[in-house]
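Chain and residue survey
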Amino acid sequence: MGIVRSIIATGVVFTVSAGGLARLCPAQSWRELSPRERYEVLRRYERYKQEPEQRRERLEENYQRWQQLPPEEKEKLRRRLESWQELPPDKREELRRRFQDRQGQP
Amino acid sequence: MRVFCRWVEREVTAFLDQELPSWRWRLVSHHLERCEHCRFVAAETARVIEAQRIAFCDAAEEFSVPVSTNLDSLWKKLEDEVFADPLPLGLRLGWPIKRIGYAIGVALFLVAAGYAGRDFDVVERALMAIGVVDPPPEVVQSAEFFCNYPVIEELDVLEHWDRLSQGLPVSATPENGHS
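Residues numbered from 1 in each chain as written. Chains lettered and ligands numbered in written order. Predicted model: local features only at pLDDT ≥ 70, side-chain atom pairs only at ≥ 80, totals over all residues.

This part takes up the overall build of chain A. A count of helical and extended segments in chain A gives 5 helices and 0 strands. When the elements of chain A are put in sequence order from the N terminus, they spell out α-α-α-α-α. Across the 106 residues in chain A, those meeting the buried criterion constitute 33%. (Helix = DSSP H or I, 4+ residues; strand = E, 2+ residues; numbered from the N terminus. Buried ≥ 20, exposed ≤ 12 C-beta atoms within 10 Å, placed from the backbone.)

This part takes up the overall build of chain B. Scanning chain B from terminus to terminus reveals 11 helices and 0 strands. Helices and strands in chain B line up, N terminus first, as α-α-α-α-α-α-α-α-α-α-α. Within chain B, the fraction of its 179 residues that count as buried is 25%. If you take every contact in chain B between residues at least 6 apart in sequence, the share linking residues at least 24 apart comes to 35%. (Contact = placed C-beta atoms within 7 Å.)

The subject of this paragraph is the nonpolar core. Ranked by size, the top nonpolar core spans 30 residues in total, and within it Val41 of chain A together with Phe146 of chain B carry the most contacts. Put simply, the parts of the chain that give this core at least two residues each are helix H2 (35–50), helix H3 (53–68) and helix H4 (71–86) of chain A together with helix H6 (121–129), helix H8 (143–147), helix H9 (149–153), helix H10 (155–159) and helix H11 (161–164) of chain B. Examining the composition of this core, we find that 5 residues originate from one element, H2 of chain A, more than from any other. Val8, Val12, Phe15 and Cys38 of chain B belong to the second largest nonpolar core, which has 6 residues in total. (Core = buried A, V, L, I, M, F, W, Y, C linked by C-beta atoms within 7 Å.)

Let's shift gears to the environment of Asp134 of chain B. Note that Asp134 of chain B resides in the loop between H6 and helix H7 (137–141). The spacing of Asp134 of chain B and Glu124 of chain B is 10 residues in sequence and 9.6 Å in space, taken between C-alpha atoms.

Here you go:
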């Protein structure tokens, strides 16, 4: 019976985690997250681990900046993220390139 | 594999679920007509989705939850039923055996769903999500970081969106009714 339930539970994990846009989790601690959100957090962690060291440092800087933002600014950025996720890949790439050009980065 | 194939692979589940906006659906559909690799990925994904659909219906039936119900309420039922441990302390010693049972069950499911030997990280991640296996401590400690990871990843661009998005279609700017 335990095995059957395990199969079912895992099936549901895959069902609820499949597809769709990356969403931000409203809860902020592991214990508050639903299994679906935990699954997504773990996927992001794996993506983070695969990033080069320099990129990880940049992400941590971004996170520190993010933490210091007022709630209304965070909300505005979340709305922008939704629009960002709707953009086709070439448009995203173009925006990244524009940012790098402005920053004078390689 | 081309960059576009990677994008299509990410979109394929939403494509099969008819959840893509029409213009993206057409892009993916057009690509699938021409790319054998992505057609294979789409066919495999469709097979796994069907297995999941069956598992979901079985779960809903077993826990007397209507299939049309909110998934979160099914989750709650699953957590209560599968992981609640009403046994007295002495009998909880059977828990490690239960865990082995769960692990075998998961492996069987993955073999049935065609995942074996393809991406076994999925198993561990699923077990962590449902609480059978402990997650890495850094995930627990940095949960907030990973909860907001999508916005943190693109923070540079998002902060300078107004200036950077000049010249993009109007619908792509959040301040123009796309919030």
